[in-house]
Amino acid sequence: MANSMWKCAGQGHIVAVRGIVVSCCVAVTNARSGLMSGSISGTSPISLYLAAEKDEETAAANYTKENPTIQNEVTSFEESASSITSAADLMSNKNYTAEQVVLGAYNLSSISGETALVKDLLTQDPTSSKSVAKSSGNATWLAFADAFSTWGQNGGSASASPFTSDTISSIVTKFEESQYESSTANQNSGVGNALYFTRNMTSSMSLADIMSNATLLKVVETVSGFNPDQFGALDYPEQVRLLQNKVDLSDFSTPEGVQKYAEQYLAMLQINPQTPDTPITMMDLFGGGTNSNGILALFGSSSSSSSSGSPELSMF
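Since this is a predicted model, take the numbers as computed values, not measurements.

Asks: I tried to follow the nonpolar core on my own but got confused; where do I start?
Replies: Considering soluble globular proteins, one finds that nonpolar side chains tend to be buried as a cluster. If you look at the biggest cluster of nonpolar residues, it comprises 37 residues, and the most contacted ones within it are Y49, F197, M201, V220, L243 and F252. Only α1 (45–53), α2 (56–65), α12 (191–200), α13 (207–211), α14 (214–223), α16 (236–244) and α17 (255–271) provide two or more residues apiece to this core. Sort the elements by how many residues they give to this core and α17 lands first, with seven residues. Listed in part, the 31 residues of the second largest apolar core include V101, V102, Y106 and I111.

Asks: Before we go on, may I ask you to explain the packing of α12 against α17 in this structure?
Replies: A pair of packed helices can be characterised by two numbers: the angle between their axes and the separation between those axes. Their axes nearest at 9 Å, the elements α12 and α17 cross at an angle of 160°. Relative to α17, α12 is oriented roughly antiparallel. In this structure, the crossing between α12 and α17 has a hand that is right-handed. On α17, the residues that touch V191, N193, A194, F197 and T198 of α12 are V258, Y261, A262, Y265 and L266.

Asks: Just checking my understanding: could you explain the pattern of salt bridges for this structure?
Replies: Side-chain pairing between opposite charges can occur once the charged atoms of the two side chains come close. Summed over the entire model, instances satisfying the criterion amount to four salt bridges. Its salt-bridge partner being K94, residue D89 comes within 3.8 Å of it at the nearest N-O pair. Accessibility expressed as a relative area gives 69% for K94, which makes it exposed. Between E181 and R199 there is a salt bridge, with its nearest N and O atoms 2.9 Å apart. With E181 in helix α10 (residues 165–181) and R199 in helix α12, this pair connects stretches of sequence that are 18 residues apart. Through salt bridges with shared partners, a single ionic network connects E177, E181 and R199.

What counts, and at which threshold
- Residues numbered from 1 in each chain as written.
- Predicted model: local features only at pLDDT ≥ 70, side-chain atom pairs only at ≥ 80, totals over all residues.
- Heavy atoms only, no water.
- Core = buried A, V, L, I, M, F, W, Y, C linked by side-chain atoms within 4.5 Å.
- Buried < 20%, exposed > 50% of the residue type's maximum accessible area, 1.4 Å probe, protein only.
- Helix = DSSP H or I, 4+ residues; strand = E, 2+ residues; numbered from the N terminus.
- Axes fitted to C-alpha atoms, helices over the stretch in contact; angles between N-to-C directions.
- Parallel < 35°, antiparallel > 145°, perpendicular 65-115°, else oblique.
- Left-handed = near helix turned anticlockwise from the far one by under 90°.
- Contact = heavy atoms within 4.5 Å.
- Salt bridge = Lys/Arg side-chain N within 4 Å of Asp/Glu carboxyl O.

Written out as structure tokens, the structure reads:
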């Protein structure tokens, strides 16, 4: 791919990705699709990301203040959390909002309707190889179960609430950041995924850990030059084989390396914009449950791809 350069309308940040130099001081329009990866004001996603990443906690708190719904959810959680002493209590109808805040803080809003799964994560000992959290290989599920291991190691209850003042404060911060990252503007620009990646990627993560997290995987797929939709249609072993040849885990050994990788992700979106994921809806939340179609039905099953062949990957 030939090198290209966009002129900067001022002093700007420069990012080189796959042989292309991208300036973050202006938004770049994809002429073929007519999609713009920057904001309406013309500020590029990389500039927006760098500004927010300096103090995402404050940016998220300010976003919450402007959103009455999120504000009410946070207030409701803060008022009820200290009185919640069991998994059953958290999952009860009266504490529905508190449960949504907790799940959102741990990036698990997508399993809100999966009652049986949430219950298992909260009531099983996460250190046991037989627990859903441990056996799933899903790093996000395991982190959530570990956070509530007091319940998990005692059948779902404890003499005291795990929601100490420090824990409540931490959950509120993570929930606000999650909501901020999931906002329409940040999803459309890719900034939300970049911030999430920066906040959650650590040097201890393996390729399997990355692949078990949809957002981390999307960032890595994009920087590696794959189309996430087409890549997701491949069999898991094939995905592993391709990523092993592309991903250098040492890139994530320092905060600076993680930030650089997030910037590369946004630069790739300027070259080839992607259709943003549709935010979860109330129908999505209530569409799960304990029936055989829930996520838990996947465990122990031997599903296989019905595809007659591997789709061709689209390289950027």
